[in-house]
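Here are the chains, one letter per residue:
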Amino acid sequence: MLVLGIESSCDETGVALYDTSAGLLSHTLHSQVDMHADYGGVVPELASRDHIRRVLPLTQAALDKAGMTLKDVDAIAYTQGPGLAGALLVGTSIAQSLAFALGVPSIAIHHLEGHLLAPLLEENPPAFPFVALLVSGGHSQLMRVDGIGQYQLLGDTLDDAAGEAFDKTAKLLGLGYPGGPQLAKLASQVKQGNPQIKLPRPMLHSGDLDFSFSGLKTAVLTLVNAHPNMSETTRAEIAWEFQESVTEILTAKCLAALKQTKLKNLIVSGGVGANLRLRERLSQEAQQRGFGVRYPRLEFCTDNGAMIAFAGALRLETMRLKAKQMDTQDYGFSVRPRWDLAELQAS
Ligand code: KG4
Ligand code: ZN
């Protein structure tokens, strides 16, 4: 079965083709980062308009790369939410229109389920159950994953998400949007931290699996205010210390989640999962304790169509196994800008 996946929830238009026997055949992506950079963040109306411009050419390019035509497509998966309403409407309307025209089923995908399953696109994926750390611009969650649609929340952020903390801190340091990768680049200039630049580790010893990052950002603001004519070295040292704090907290909570659930494997997904320092520290500490850690390839940490096509293929398989009817489909559509992952079911 060939599944076409369409992602348009925020500032990336992603399209991919996933074959249930042959795996990922192709994926195409357009990032709007340059367009939004002038505004210091995503402008929702501009995002929607750009998705409209990109989605059909990207779909054609994905088909061409895979040597397929629309006639070969057996199902269309699309991101129904959460995300920006206007942006979601673009992918959703295109997906439903194509599915209607081709007479194939369409599958609404939860964006976070896409992120969560992305590490399974790689070779030798871990078997269920496992622990998942989902760290994106909008979420910082630890979950127990028992199967498709079986996600039990173990810990969540009480305020800012990890990616949001990276973005806000980057702004305080005068870096552009998106802040995460730029802050990581600045931090990489430092080999050893400056002991005089110290940031807290919020909730490190809270005894639960929740996070809180907003105090960290405030502590960075205090440091920035204390250094009015900050040198490039000091800026890099603050970035380094911030990254150390976030990676230490995330690593400790992941290890605690593995211990609590008595599971052996961890997967990491979402934009912050692309952070190399986090990968290095987490892998090292987990392996020392006999745990396995898996990540998506770097390009599949941030938003992409491959994770949506893949989640669609897995959901299609579950529906097929349950012999669910898919041919009496309603091609009307709605989006779910706010959508809790806990509401998802196995199909
Ligand atoms: O998963 P994603 O593409 O979008 C959401 O669904 O939110 O994640 C984007 C977030 C942004 O906050 C971005 O700054 C952060 O991931 N990010 C990073 C890195 N690459 C992206 N944060 C830290 N280090 C990185 N290398
Ligand atoms: Zn995302």
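The rules behind these values
Residues numbered from 1 in each chain as written. Chains lettered and ligands numbered in written order. Predicted model: local features only at pLDDT ≥ 70, side-chain atom pairs only at ≥ 80, totals over all residues. Heavy atoms only, no water. Donors = N, O, S within 2.8 Å, 3.2 Å for Na, K, Ca; no water. Tetrahedral: all angles 85-135°; square planar, octahedral: opposite > 155°, others 65-115°. Helix = DSSP H or I, 4+ residues; strand = E, 2+ residues; numbered from the N terminus. Buried < 20%, exposed > 50% of the residue type's maximum accessible area, 1.4 Å probe, protein only. Phe/Tyr/Trp six-rings, centres within 6.5 Å; stacked < 30°, edge-to-face > 60°. Core = buried A, V, L, I, M, F, W, Y, C linked by side-chain atoms within 4.5 Å. Contact = heavy atoms within 4.5 Å. Pairing = 2+ DSSP bridges. Axes fitted to C-alpha atoms, helices over the stretch in contact; angles between N-to-C directions. Salt bridge = Lys/Arg side-chain N within 4 Å of Asp/Glu carboxyl O. Domains from an automatic or database assignment. Buried area = accessible area lost by both parts, 1.4 Å probe. Polar contact = N/O pair within 3.5 Å; in protein donor to acceptor, adjacent residues only side chain to side chain.

Enquirer: Sorry, what's going on with the coordination of the zinc ion (ligand 2) here?
Expert: Four donors placed tetrahedrally about a metal ideally form angles of 109.5 degrees, and six donors placed octahedrally ideally form angles of 90 or 180 degrees. Distances from the zinc ion (ligand 2) to its protein donors, His111 (NE2), His115 (NE2) and Asp303 (OD), fall at 2.0 to 2.1 Å. Classification of the site at the zinc ion (ligand 2) as tetrahedral follows from its 4 donor atoms and the range of 92 to 130 degrees in their angles at the metal. Here the donor residues of the zinc ion (ligand 2) share one chain and are spaced in sequence as H-x3-H-x187-D. With a gap of 192 residues between them, His111 in helix H4 (residues 111-117) and Asp303 in the loop between strand E10 (292-294) and helix H10 (306-321) connect regions that are remote in the sequence. You'll find His111 and Asp303 in the same group, each marked buried.

Enquirer: What exactly am I supposed to notice about unusual backbone geometry here?
Expert: Most peptide bonds take the trans form, and the phi angle of most residues other than glycine is negative. In the segment running from Gly81 into Pro82, the intervening peptide bond is cis, with an omega of -15 degrees. Mapping Pro82 onto the fold places it in the loop between strand E4 (75-81) and helix H3 (85-102). Looking along the chain, the bond that leaves Phe128 and enters Pro129 is cis, with omega of -5 degrees. By secondary structure assignment, the location of Pro129 is in the loop between H4 and strand E6 (130-135). Unlike most non-glycine residues, Asn124 shows phi in positive territory, near 45 degrees. Along the polypeptide, Asn124 turns up in the loop between H4 and E6. Residues other than glycine seldom take positive phi values, yet Met203 does so here, at roughly 65 degrees. Following the sequence through the fold, Met203 ends up in the loop between helix H6 (179-187) and helix H7 (214-226).

Enquirer: I tried to follow the packing of aromatic side chains on my own but got confused; where do I start?
Expert: Scanning the model with the defined rule gives 5 aromatic pairs in all. With a centroid separation of 5.1 Å and an interplanar angle of 90 degrees, the aromatic rings of Phe166 and Phe242 are classed as edge-to-face. Here Phe166 is found in helix H5 (residues 162-172), whereas its partner Phe242 is found in helix H8 (residues 232-261), with 76 residues between them in sequence. Across the pair, exposure class does not vary: Phe166 and Phe242 are buried alike. Taking the centre distance of 5.9 Å and the plane angle of 15 degrees together, the rings of Phe211 and Phe213 count as stacked. Residue Phe211 is classed as buried on the basis of its relative accessible area, which comes to 0%.

Enquirer: What am I meant to see in the nonpolar core here?
Expert: What tends to happen in soluble globular proteins is that the nonpolar side chains get buried as a cluster. Counting residues in each nonpolar core, the largest one holds 48 residues, and the members touching the most others are Leu133, Leu142, Phe213, Phe242 and Leu266. Secondary-structure elements contributing two or more residues to this core are E6, H5, H6, H7, H8, strand E9 (265-269) and helix H9 (276-288). The leading source of residues in this core is H8, at 12 residues. Apart from residues lying up to four places away in sequence, Phe242 is in contact with Ala165, Phe166, Thr169, Leu183, Leu199, Leu216 and Val220.

Enquirer: Which parts of the structure should I look at to understand the sheet that holds strand E3 (residues 23-31)?
Expert: Sheet strands associate in pairs through backbone hydrogen bonding, adopting either a parallel or an antiparallel arrangement. As summarised here, the arrangement of the 5 strands in space is E3-E2-E1-E4-E5, forming an open sheet in which the pairing is mixed. The sheet is open, and its two borders are formed by E3 and strand E5 (106-110), each paired with just one other strand. Ignoring strand direction, the axes of neighbouring strands in this sheet form an average angle of 20 degrees. Direction of pairing for E4 relative to E5: parallel, over a ladder of 5 bridges. The partner of Gly81 across the bridge, within E5, is His110. Sheet contacts for helix H2 (residues 44-66): strand E1 (2-7), strand E2 (12-19) and E3; angle to E3, the most-contacted strand, approximately 150 degrees. Each of E1, E4 and E5 touches H3; the most contacted strand, E4, lies at about 155 degrees to it.

Enquirer: Just to check I follow, could you spell out the pattern of salt bridges for this structure?
Expert: Oppositely charged side chains are able to pair whenever their charged atoms sit close together. One pass over the structure, following the stated rule, counts 21 salt bridges. Notably, a salt bridge pairs Asp146 with Arg144, separated by 2.8 Å at the nearest N-O pair. Connected via shared salt-bridge partners are Lys198, Arg201, Glu241, Glu244, Glu248, Arg277, Glu280, Arg281, Glu285 and Arg289.

Enquirer: What is the right way to look at the domain arrangement of the protein in this model?
Expert: Quoted interface sizes are often the accessible area lost when the parts come together. Split by domain assignment, the protein resolves into domain 1 (2-116 + 301-343) and domain 2 (127-295). The centre of domain 1, based on its C-alpha atoms, is set 28 Å off from the matching centre of domain 2. Between domain 1 and domain 2, the residue contacts involve 17 residues of the former and 18 residues of the latter. Carbon and sulfur atoms supply 72% of the area that domain 1 and domain 2 bury against each other, a total of about 1,500 Å² over both sides. Looking only at domain 1, the three residues that lose the most surface to domain 2 are Leu112, Leu116 and Cys301, adding up to 41% of its buried area. At the junction of domain 1 and domain 2, the tally comes to 0 salt bridges. On inspection of domain 1 and its partner domain 2, the count reaches 5 residue pairs in polar contact (both at pLDDT 80 or more). If you list the elements that add at least two residues to the side of domain 1 that touches domain 2, you get helix H1 (33-37), H4 and H10.

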